[in-house]
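# Structure at a glance
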Amino acid sequence: MMGNHVDLTTVLLQTDIDKDLRIIAEKVKNTERLTEEEGVLLFEKGELGFVGALANHIRKTLHGDKVYFNRNFHIEPTNVCVFTCNFCSYSRQYKHRDEGWELSMQEMLDIVKKYDGEPVTEVHIVGGVHPKMNLEFFCELISKIRAHRPDLHIKGFTAVELDYMFRKAKLSVEEGMQRMKDAGLQSLPGGGAEIFDAEIREQICADKVDAAGWLHIHETAHRLGMHSNATMLYGHIENYIHRIDHMSRLRDLQDKTGGFNCFIPLKFRNGDNDMSNVPEVSVVEDMRMYAISRIFLDNIRNLKAYWPMLGRQSAQLTLSFGVNDLDGTIDDTTKIYSMAGAEEQSPSLSTKELCDLISAVGKTPVERDTLYQELKVFSKESVS
Ligand code: V47
Ligand code: SF4
């Protein structure tokens, strides 16, 4: 096995280690939970090698050398959006909808049909919040996808989209979610969380669902037996306290419901949006972000790096900083990052390319379904 970090015992043998960091390393060794203060301290004092060693220890304990990926495809119904998040390069206002796209029911079903006979296991549906695409429309879409291809897991709609649809339909979150579930929705993606802190939210995405609303939607989904993901948009105007506060609220909800499958830190990209003056953070800061989330979120089992946003090489690097999941779409049509200046302009990786990328850093590629059930473990020989 390739050893990229010194192990935790070696870290603890160092005599010149900062006393606060030593306490944190001891806690990680004893699988004890970090406090919020300790989380902030890790951001302030933890150098890349130190947080990497801790995160790697946790990843290895939880997952050995397995790195998960999923064969899925995306449907983006529209980029027309009633909201005005300043970091968004993707959306177009309704009055400028001629510059954007609006897919019809048939066009979306045609995307699904394109994958007939292909071994995909999930469809991920996410887009802007269109004032005319309502709950009825999306329930019909979901039930038609379900009828056409019952084996496909339908993961769709951020809490932002759901909050708008439910309010427009004059339904409570519980009623709205039950309708979606009855139509065939099985999981929620993690988008729309951004940063929960109210003051930062006010500056970057003032008009969409707030932290309490986002958390309530996910809690309701979990209570109905659905699972969901959680994201955090980092590296813009927030500080370390806001990041820890965000993760702490997720950790609290996870204690209550256990419904989060994974956590996905999303790096702010500054291409062509109203926050283009905000510089992007360095790759060192990216890796520290992954590592510290792995250490802090002791009750969310999987940490995902979304490779279309990071690029292949940085995605590979995250596997040494706590990440055990590369999402791994075979055909990803999401434009949310390509339009914000991400490395991957038309992201698509074959299973073989993805497996090679994982094997090249000494890890074992494992295909999973949406709920992280293992579908196939790829040995070097079986990659095809
Ligand atoms: O909520 C928008 C982010 C999210 C930018 O659950 C940006 O499996 C960086 O959540 N720079 C939507 N990020 C996408 C999302 C997602 C993606 C992949 C997988 C899953 C999953 C979820 O994209 C938004 C926002 O946080 N975003 N603009 C930008 N300029
Ligand atoms: Fe709309 Fe989502 Fe863009 Fe915000 S991030 S403007 S909610 S598409």
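To start, this report covers the structure provided alongside it. Quick caveat, the model's predicted, so the values are computed rather than measured.

### Quick word on unusual backbone geometry
- Even without a glycine there, the phi angle at Lys 170 is positive, about 55°.
- Mapped onto the elements, Lys 170 comes out in the loop between helix 7 (159-168) and helix 8 (173-183).
- The phi angle at Asp 272 is positive, at roughly 60°, despite the residue not being glycine.
- Looking at where Asp 272 falls in the secondary structure, it is placed in the loop between strand 7 (260-267) and helix 12 (283-296).

### Side note on a nonpolar patch on the surface
- A cluster of nonpolar residues, Val 283, Val 284 and Leu 317, forms a patch on the protein surface that exposes about 220 Å² of accessible area.
- On the secondary structure map, Val 284 appears in helix 12.
- Given a relative accessible area of 40%, Val 284 falls into the partly exposed group.

### A closer look at the site of ligand 1
- Taken together, 22 residues lie near ligand 1, and Phe 87, Lys 155, Gly 190, Gly 192 and Glu 194 sit nearest.
- Contacts to ligand 1 include Arg 269, whose backbone N or O atom sits 2.9 Å from a nitrogen atom.
- For the shell around ligand 1, the secondary structure elements donating two or more residues are strand 6 (227-234) and strand 7.
- Each residue belonging to the shell around ligand 1 can be placed in one class, and the counts come to 10 nonpolar, 7 polar and 5 charged.

### Looking at the pattern of salt bridges
- Applying the stated criterion across every chain, the model contains 26 salt bridges.
- Note that Asp 20 is salt-bridged to Lys 45, the shortest N-O span being 3.1 Å. Taken together, the positions of Asp 20 in helix 2 (residues 19-29) and Lys 45 in helix 3 (residues 36-45) put the pair 25 residues apart, joining distant regions of the chain.
- Take Lys 45: its relative accessible area is 35%, and that puts it in the partly exposed class.
- Through salt bridges that share partners, Asp 18, Lys 19, Asp 20 and Lys 45 make up one connected network.

### What about the sheet that holds strand 1 (residues 66-69)?
- With mixed pairing, the 3 strands of this open sheet are ordered in space as 1-9-10. Either end of the sheet is taken by a strand with one partner, and the two such strands are strand 1 and strand 10 (374-377). Direction aside, neighbouring strands of the sheet carry axes that sit 35° apart on average.
- Summarising the sheet, strand 9 (residues 364-368) and strand 10 pair through 3 bridges and their orientation is antiparallel. Residue pairing for strand 10: Arg 368 is matched across the bridge by Glu 374.
- Relative to strand 1, helix 15 (residues 351-359) is tilted by about 155°, and along the sheet it contacts strand 1 and strand 9.

What counts as what
Residues numbered from 1 in each chain as written. Chains lettered and ligands numbered in written order. Predicted model: local features only at pLDDT ≥ 70, side-chain atom pairs only at ≥ 80, totals over all residues. Heavy atoms only, no water. Helix = DSSP H or I, 4+ residues; strand = E, 2+ residues; numbered from the N terminus. Patch = residues over 30% accessible without salt bridge, like charges linked within 9 Å, V, L, I, M, F, W, Y side chains within 5 Å. Areas by Shrake-Rupley, 256 points an atom, 1.4 Å probe, with all protein chains shown as cover. Salt bridge = Lys/Arg side-chain N within 4 Å of Asp/Glu carboxyl O. Buried < 20%, exposed > 50% of the residue type's maximum accessible area, 1.4 Å probe, protein only. Near = heavy atom within 4 Å. Polar contact = N/O pair within 3.5 Å; in protein donor to acceptor, adjacent residues only side chain to side chain. Nonpolar A, V, L, I, M, F, W, Y, C, P; charged D, E, K, R; others polar. Pairing = 2+ DSSP bridges. Axes fitted to C-alpha atoms, helices over the stretch in contact; angles between N-to-C directions. Contact = heavy atoms within 4.5 Å.

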